[in-house]
Amino acid sequence: MKPNASTEGRRGLEQAEEDRRGAQLLFDGASYHLTCFVAQQVAEKTLKAFLYAKGEELVIGHSVEALCRWASEFDTDFETLRKEVAALDGYYIPTRYPNGLPDSIPARVYTRSAAEESLRLADQTLRLVQKKLQDR
């Protein structure tokens, strides 16, 4: 049986909200590189939740920018969001792997400021999708 689109979207959104709580714990513990990564994951999962809620059956990919572009096919508000949150894509790989950065490691490079900005962008994504799914 095919899952209900609205239910799938809400499940995905609930997981993204839980991940956001985890990102806050990482931030509070000064693990800024992981905060940035999890913030990217929050935005990615949030956008996927929206797409599933719209009836998409297979939502793949990790790019927040690309997922926003896809979501904008359903709602033009995501085009504006895309321009603002695309920078999160830069946190997908280099925040996790020592060979993702020249001559350093993520734990030394990512700062409190970067983590704060990544959380702000994740929150912006969450708020928009929460509003869009609430309106349904």
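I will try to describe carefully the structure that is included in this document. (Residues numbered from 1 in each chain as written. Predicted model: local features only at pLDDT ≥ 70, side-chain atom pairs only at ≥ 80, totals over all residues. Heavy atoms only, no water.)

**Quick word on the overall build of the protein chain**
Item 1. Assigned secondary structure in the protein chain consists of six helices and zero strands.
Item 2. Start at the N end of the protein chain and walk to the C end: the helices and strands fall as α-α-α-α-α-α.
Item 3. Rg of the C-alpha trace for the protein chain: 15 Å, near the compact-globule value of 14 Å for 136 residues, within the 12% margin.
Item 4. Principal axes of the C-alpha set define a box for the protein chain whose edges measure 50 × 30 × 25 Å.
Item 5. With 136 residues in all, the protein chain has 44% of them scored as buried. (Helix = DSSP H or I, 4+ residues; strand = E, 2+ residues; numbered from the N terminus. Rg over C-alpha atoms; globule rule 2.2 N^0.38 Å. Buried < 20%, exposed > 50% of the residue type's maximum accessible area, 1.4 Å probe, protein only.)

**Quick look at the packing of aromatic side chains**
Geometry of an aromatic ring pair is reported as the spacing of the ring centres plus the angle between the planes.
Item 1. The final tally for this structure, using the stated rule, is five aromatic pairs.
Item 2. Arranged with centres 6.3 Å apart and planes meeting at 40 degrees, the rings of F37 and Y92 form a pair that is tilted. Of the two residues, F37 sits in helix 2 (residues 32–53) while Y92 sits in the loop between helix 4 (77–85) and helix 5 (106–109), which places them 55 residues apart along the sequence.
Item 3. Taking the relative accessible area as the measure of exposure, F37 reaches 15% and is therefore buried.
Item 4. With centroids separated by 4.4 Å and ring planes inclined at 40 degrees, the aromatic side chains of F50 and F78 adopt a geometry described as tilted. (Phe/Tyr/Trp six-rings, centres within 6.5 Å; stacked < 30°, edge-to-face > 60°.)

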